[in-house]
Amino acid sequence: MTDRAPRPIDIHLHRKSRELELVYSEDERYRLPCEYLRVYSPSAEVKGHGPGQEILQTGKMHVAITDIRPVGHYALQLVFDDGHDTGLYSWDYLHDLCSRREALWQDYLDRMSAAGATRDPQVQVIQFQP
């Protein structure tokens, strides 16, 4: 986290589309799906406590943000309707999620596919080992 972290000048939760809009300037605005923010939560519950300890988040397709809480002058705490609320999204981390959205989302989809998992909470995938 740096003092020069881009800080949004406006933040708006679009509840119907389940997207968080971050506006940094007139020509820099992003809309991040709640699902994306949830599966990339900076919490230890998601990231683990070190490299290789990440926990793949599945079944989060319909997750929504229910509350946004400022944390000092450096972060937001997002509260999700699945009960997750332990991640602190620093300004640096949020801007990184914005700028690398396409690559990070594709990486998530690739990891889901490799695990035989699904984004849909209504679908259970059962794999049998020979």
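Located above this text is the structure these notes cover.
What comes next concerns the included structure. (Residues numbered from 1 in each chain as written. Predicted model: local features only at pLDDT ≥ 70, side-chain atom pairs only at ≥ 80, totals over all residues. Heavy atoms only, no water.)

### Some remarks on the side chain of His-95
So, point 1. Locating His-95 in the fold gives a position in helix H3 (residues 91-99).
So, point 2. A polar side-chain atom of His-95 sits 2.7 Å from a polar atom in the side chain of Glu-28.
So, point 3. Apart from the residues lying within four places of it in its own chain, the contact partners of His-95 are Pro-6, Tyr-24, Glu-28 and Tyr-30. (Helix = DSSP H or I, 4+ residues; strand = E, 2+ residues; numbered from the N terminus. Polar contact = N/O pair within 3.5 Å; in protein donor to acceptor, adjacent residues only side chain to side chain. Contact = heavy atoms within 4.5 Å.)

### Details of the pairing of strand E4 (residues 65-71)
So, point 1. Direction of pairing for E4 relative to strand E5 (residues 75-80): antiparallel, over a ladder of six bridges. Within the sheet, the bridge partner assigned to Asp-67 lies in E5 and is Val-79.
So, point 2. Count of turn residues in the E4/E5 antiparallel hairpin: three residues, of which Gly-72 carries a positive phi of about 55°. (Pairing = 2+ DSSP bridges.)

### Remarks on the environment of Cys-98
So, point 1. Take Cys-98: it is sitting in helix H3.
So, point 2. Placed 69 residues apart in sequence, Cys-98 and Arg-29 show a C-alpha to C-alpha distance of 8.8 Å.
So, point 3. What Cys-98 contacts, discounting residues up to four positions off in sequence, is Leu-22, Tyr-24, Tyr-30 and Leu-32.

### With respect to the sheet that holds E5
So, point 1. Pairing is antiparallel in the open sheet, where three strands are placed in the order E4-E5-E6. At either margin of the open sheet sits one strand with a lone partner, and together these are E4 and strand E6 (88-90). On average, each strand axis in the sheet is tilted by 30° relative to the strand beside it, whichever way the strands run.
So, point 2. Here E5 pairs with E6 via three bridges, running antiparallel. Across the sheet, the residue bridging to Gln-77 is Leu-88, located in E6.
So, point 3. The sheet contacts of H3 involve E5 and E6, and relative to E6 the element is tilted by about 80°. (Axes fitted to C-alpha atoms, helices over the stretch in contact; angles between N-to-C directions.)

This is a description of form; function is not addressed.
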